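# Notes for the structure review
Chain by chain, the residues run as shown.
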Amino acid sequence: ARLELVAHRNFSENNQQSLRFDLARLTSALEKPIGQEDKLEQGLRFEPASGKLFHRLGIALALPLLSEKKELLGFWVLGEKKSGERFTAEDLSLLTSAAMHASLAIDRFHLQRELLLEKETSERLAELGEMKSFFVSSVSHELKTPLASIKLYAQLLQLPPTDAMPLPPETRSEYAEIIEGECDRLTRLVHSVLDFAKTERGLKTYHLTPQSLNGAVIHALKLMTYQFKMQNTVVTTALSEHHPTIAADRDALIEVLLNLLSNALKYSGAEKQITVRTEVLESGVVLAIDDNGIGIAAEDLTKIFEPFYRAAPSASAPAGGTGLGLALVKQIADAHHAILGVRSRIGIGSTFTVCFPTSQLSINLDQHA
Ligand code: ATP
Ligand code: MG
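As the structure is a prediction and not an experimental result, all values here were calculated from the model.

Basis of the calculations
- Residues numbered from 1 in each chain as written.
- Chains lettered and ligands numbered in written order.
- Predicted model: local features only at pLDDT ≥ 70, side-chain atom pairs only at ≥ 80, totals over all residues.
- Heavy atoms only, no water.
- Near = heavy atom within 4 Å.
- Polar contact = N/O pair within 3.5 Å; in protein donor to acceptor, adjacent residues only side chain to side chain.
- Areas by Shrake-Rupley, 256 points an atom, 1.4 Å probe, with all protein chains shown as cover.
- Helix = DSSP H or I, 4+ residues; strand = E, 2+ residues; numbered from the N terminus.
- Nonpolar A, V, L, I, M, F, W, Y, C, P; charged D, E, K, R; others polar.
- Pairing = 2+ DSSP bridges.
- Axes fitted to C-alpha atoms, helices over the stretch in contact; angles between N-to-C directions.
- Contact = heavy atoms within 4.5 Å.
- Expected span 1.5 Å × (residues − 1).
- Buried < 20%, exposed > 50% of the residue type's maximum accessible area, 1.4 Å probe, protein only.
- Parallel < 35°, antiparallel > 145°, perpendicular 65-115°, else oblique.
- Left-handed = near helix turned anticlockwise from the far one by under 90°.
- Phe/Tyr/Trp six-rings, centres within 6.5 Å; stacked < 30°, edge-to-face > 60°.
- Core = buried A, V, L, I, M, F, W, Y, C linked by side-chain atoms within 4.5 Å.

Moving on, we come to the site of ligand 1. Among the 18 residues in the neighbourhood of ligand 1, the closest are listed as Y267, D291, R310, T322 and L326. Here an oxygen atom of ligand 1 sits 3.0 Å away from a polar atom, N or O, in the side chain of K266. When the free accessible area of ligand 1 is taken as 600 Å², the share hidden by the protein chains comes to 94%. Of all the secondary-structure elements, those providing two or more residues to the shell around ligand 1 are α6 (250-266), α7 (325-335) and β13 (349-356). Class assignment for the residues of the shell around ligand 1 results in 8 nonpolar, 7 polar and 3 charged.

What follows covers the sheet that holds strand β10 (residues 272-281). Overall, mixed pairing links the 5 strands, which are arranged β8-β10-β11-β13-β12 in an open sheet. At either margin of the open sheet sits one strand with a lone partner, and together these are β8 (233-238) and β12 (339-345). Adjacent strand axes in the sheet meet at a mean angle of 15° when their direction is disregarded. Sheet analysis places β10 next to strand β11 (residues 284-291), joined by 8 bridges and oriented antiparallel. The residue of β11 that forms the bridge with I274 is D291. Strands in contact with α6 are β8, β10, β11 and β13; relative to β11, the strand with the most contacts, it is inclined by about 25°.

Here the focus is α6. With 17 residues, α6 extends 24 Å from end C-alpha to end C-alpha; this agrees with the ideal 24 Å at 1.5 Å per step. Of all 17 residues making up α6, 14 are buried, and the element is well covered by its neighbours. Among the residues of α6, the N-terminal cap falls to D249, whose side-chain oxygen and the backbone nitrogen of D251 are separated by 3.2 Å.

Turning our eyes to something else, we now look at the environment of D195. Considering the arrangement of structural elements, one finds D195 in helix α3 (residues 169-200). Look at D195 and you get buried, because its relative accessible area is 17%. When the C-alpha atoms of D195 and A252 are compared, they prove to be 9.6 Å apart, with 57 residues separating the residues in sequence. Sequence-distant contacts of D195, defined by excluding residues within four places in its chain, comprise K204, E255 and L328.

Here we take up the packing of helix α4 (residues 213-223) against α6. The contact between α4 and α6 brings their axes to 9 Å, and the two run at 55°. Considering the angle they form, α4 stands oblique to α6. In the packing of α4 onto α6, the handedness of the crossing is right-handed. Counted together, L213, A216, V217, H219, A220, L221 and L223 of α4 and R250, L253, I254, L257, L258 and L261 of α6 form the full contact between these two elements. For the contact of α4 with α6, the residue count by class is 11 nonpolar, 1 polar and 1 charged.

To continue, consider the packing of aromatic side chains. What the rule picks out here adds up to 3 aromatic pairs. Ring geometry for F196 against F308: centres 6.3 Å apart, planes inclined by 70°, an arrangement best described as edge-to-face. Placement of F196 in helix α3 and of F308 in the loop between β11 and α7 is noted, with a sequence separation of 112 residues between them. A single burial state applies to F196 and to F308, both of which are buried. Residues F305 and F352 carry aromatic rings whose centres are separated by 6.3 Å and whose planes lie at 75° to one another, so their mutual orientation is edge-to-face. In this pair, F305 sits in the loop between β11 and α7 while F352 sits in strand β13, placing the two residues 47 residues apart along the sequence. A residue is classified by how much of its surface remains accessible, and F352, at 8% relative accessible area, is buried.

Ranked by internal contacts, the top residues of the largest apolar core, which has 43 residues, are L260, L261, I274, V276, L287, I289 and F356. Among the elements of the structure, α2 (89-158), α4, β9 (245-248), α6, β10, β11, α7 and β13 are those that each provide at least two residues to this core. A total of 10 residues in this core trace back to one element, the largest contributor, which is α6. In this structure, L261 is in contact with A220, L221, M224, F228, I274, V276 and I289, ignoring residues within four places of it in sequence. Residues F46, L65, F87 and A99 belong to the second largest nonpolar core, which totals 12 residues.

When you line up the elements, E279 lands in strand β10. Sequence separation of E279 and P64 is 215 residues, and the distance between their C-alpha atoms is 75 Å. Sequence-distant contacts of E279, defined by excluding residues within four places in its chain, comprise S240, G284, V285 and V286. Of the polar contacts made by the side chain of E279, one reaches the side chain of R277; its length is 3.5 Å.

Okay, the environment of F134 next. Along the chain, F134 turns up in helix α2. Considering only alpha carbons, one finds F134 and F308, 174 residues apart in sequence, at a separation of 8.4 Å.

Direction of pairing for strand β5 (residues 61-66) relative to strand β6 (residues 72-78): antiparallel, over a ladder of 6 bridges. Paired with L63 across the two strands is W76, which belongs to β6. Counted along the chain from β5 to the antiparallel partner β6, the turn is 5 residues long, and its residue K70 has a positive phi close to 65°.

The following block contains the structure:
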């Protein structure tokens, strides 16, 4: 709706000026140059200008710049000829063809910009699509494994007892325990996917209340008992005697612990050893989880916290996983103003640390006393 002066030479107008321009009220089809009658030779093909505006701005001739689709891109505007003479047929044909070239150049530029944008969008879409299908396949894989074992053990429990082989009560409760453990695993998976999506959309809220860090560690270890037992894991704890209290969302804190513990378990060889430590340092209250697992390559260390990122599968690492665990841990740490750290050596093991900020309530020495 406005015409803006893009560049000029020898016009007294300044660059900031713009003119209101009403396309709807335009009487001309803009197919011909528009000019002041007394500035052009007679008999030329042009549209006579209505006068006032051309006079005020010192315009003798205006050449419409039209796109290929006949959209108005602007005008090329000329003042009087220096000689004071009228524009000739030759002038007009030269100027018209120059204006056409300018229009083409602008059109091409617009097209290029559109193509670039389109390319960017399609690249981004392809990337998202790839991530999505990878995610769907890994989530369904993760869902299938526990479902298969739930089904199997439920069927075993339902087998009609034969006199020769009744199911002993210990075996029954062992099967029930497996079913329960697998259900917990499924619940955790569904939670972490939903939680991640919620945080991504800015819908996740955390309620920070005073929490005993040692208490949370003990609770998380209890929730993992079944998995530790199934995988012959030696778990050691070294919990701070200061019984640190941190400002945290209870569920989120447990989520962090469960994710780090299940990684420690998952990415370790046959002889699994996990140590959980809590410590009160000057820099904050630290939670550390050590494993003696396969370790993480230096080039992967910065990437493992990205959503969906999984280090290249190796012979010693299981294939399953969504790659969301550590991304979730990172989201939660950020929401708690906590600092995440990782140290690792291939074949030796890894240590993940979460350093919570010290607040007035972080050291509860009374409790210790
Ligand atoms: P999910 O947690 O959703 O089941 P995941 O474990 O693959 O999937 P993350 O927990 O985000 O996803 O971990 C990302 C990657 O970081 C893992 O695939 C693994 O390669 C590497 N990793 C994480 N923790 C450890 C660890 N303790 N030891 C070795 N590698 C690890
Ligand atoms: Mg994980």
